[in-house]
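Notes for the structure review
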Amino acid sequence: MAAPVIPPVTAADVLSARELLSGVVRTTPVAGARALSDLTGSRVVLKCENLQRTGSFKIRGAYTRIARLSDDERAGGVVAASAGNHAQGVALAAQLLGVRATVYMPERAALPKVDATRGYGAEVVLTGRTVDEAVTAATAAAARSGAVFVHPFDHPDIIAGQGTVGCEILDQVPDAGTVLISAGGGGLLGGTAAVLRAARPDVRIVGVQAAGAAAWPSSLAAGEPMPVGGMRTMADGIAVGRPGDVTFAQVSSLIDEMVTVSEDALSAALLHCLERAKMLVEPAGAASVAALMEQPDRWPGPVVCVLSGGNVDPLVLLQVIRHGLVASSRYLTLHLRMPDRPGALAELLARVGRLGANVTDVAHSRISGALAVGEVDVELSVETRGPEHRDAIVADLREAGHAVASP
């Protein structure tokens, strides 16, 4: 038997969800982004869903879905699967509505997200390596128990709830020229696009994926949802192996473009949000800013970048910040080969200091089959002021006779 055709989520559906969510979710602020505006030459604002309840937009869809269950369905409880943000949204929504919730999360889900989900009252089951494996386990558990499976994106109520972000964008930036939105399964993108497209047919709506987990470009090219072969990205919140059937139909008919961003771009964007916008965002939440920074001249303004979430593991944050410093040429590792004589290392460090670089780590080794007698390998980790300063340091050391490997 053919699967039933599910009609697309409309602007009216999103407006209905907005009424339901009144008093439940926050109307998140938009923040001006002067540095990004200077970069692009047009006004840029950040839509701060990282400041939403539970730290992401996911509470919007989760509450809409669970609130619309029948009394009998609520009595059976709900089951969900997520790397963290949907988990917290479901857990809080279920708590607010008095519904029992069980959430399946990947075994290596970030501990703060696991703890927060439990803190909202949900039972957490850790299983599998990916969100897709957790979804498989959760759907099987729902079938056994009779609980309702609350999909992270592929349901009209989820899409309608997430789309209320678009209602707020229309109120806050009515003249928006481009809206950049991160895309995992497509619930936020599809719902937001529904309300934006109805009210502003001319607005440019762009989805953003991590290049290391980009199922949408190939799916859009094929005209149907296609699984991605493998995923490797720091942006776990948008690492989805296949678009949903419902979200694919929604997104493919409404957006103008889907772009991908590199890991370097994601980390640089996260660092920019921290330093310049004073916003803590997770890598997936910074995807829209990454797209803007990679191609600043492409987007008609004013530009709205949706910061979709701010739930990030502190340990991951440390790694991403360092990655971002490297990507922006503010952290440099120098590999040098030099004479092994007294005072040579001190002279090198003094020279680097005079060049204005701050040395953070030194490794000095005489053990290598590639070394000649009387040579030593030195590795310096230094903080710099950017690409020009980095290049000046390397050039100066080479002029002084040091054999410096390319940074």
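Attention in this report is confined to the structure presented alongside it.

The rules we used
- Residues numbered from 1 in each chain as written.
- Predicted model: local features only at pLDDT ≥ 70, side-chain atom pairs only at ≥ 80, totals over all residues.
- Heavy atoms only, no water.
- Helix = DSSP H or I, 4+ residues; strand = E, 2+ residues; numbered from the N terminus.
- Pairing = 2+ DSSP bridges.
- Axes fitted to C-alpha atoms, helices over the stretch in contact; angles between N-to-C directions.
- Contact = heavy atoms within 4.5 Å.
- Disulfide = S-S within 2.5 Å.
- Buried < 20%, exposed > 50% of the residue type's maximum accessible area, 1.4 Å probe, protein only.
- Polar contact = N/O pair within 3.5 Å; in protein donor to acceptor, adjacent residues only side chain to side chain.

Turning to unusual backbone geometry, a few remarks are in order. The omega angle of the peptide bond from Gly301 to Pro302 is -10°, so this bond is cis rather than trans. By secondary structure assignment, the location of Pro302 is in the loop between helix H14 (287-294) and strand S10 (303-307). Despite not being glycine, Lys278 has its phi angle at roughly 60°, a positive value. Looking at where Lys278 falls in the secondary structure, it is placed in the loop between helix H13 (263-275) and H14.

It is worth spelling out the sheet that holds strand S6 (residues 148-150) at this point. As summarised here, the arrangement of the four strands in space is S5-S4-S3-S6, forming an open sheet in which the pairing is parallel. This sheet does not close on itself; its edge strands, each paired only once, are strand S5 (123-126) and S6. For this sheet, the mean angle separating the axes of adjacent strands, direction not counted, is 25°. Relative to S5, strand S4 (residues 101-105) runs parallel, the two sharing four bridges.

A word on the sheet that holds strand S7 (residues 178-182). Pairing is mixed across the open sheet formed by six strands, whose spatial order is S1-S2-S10-S7-S8-S9. Of all strands in the sheet, those with a lone pairing partner are strand S1 (30-32) and strand S9 (257-261), marking the two edges. Each neighbouring strand pair of the sheet contributes to a mean axis angle of 25°, computed without reference to strand direction. Summarising the sheet, S7 and strand S8 (residues 204-210) pair through five bridges and their orientation is parallel. Across the sheet, the residue bridging to Ile181 is Gly207, located in S8. Together, strand S2 (44-48), S7, S8, S9 and S10 form the strand contacts of H14, whose direction differs from that of S10 by roughly 140°.

What the rule picks out here adds up to zero disulfides. There is no disulfide at Cys167, and the cysteine sulfur nearest it, in Cys48, is 18 Å away. No disulfide involves Cys305; its nearest neighbouring cysteine sulfur is the one of Cys273, lying 8.2 Å away. For Cys305, a relative accessible area of 0% corresponds to the buried category.

Among the structural elements, Asn50 can be located in the loop between S2 and helix H3 (58-67). At 3.2 Å, the side chain of Asn50 and the backbone oxygen of Leu280 are in polar contact. Once you skip the residues sitting within four places of it in the chain, Asn50 turns out to touch Gly55, Met279, Leu280, Val281, Leu307, Ser308, Gly309 and Gly310.

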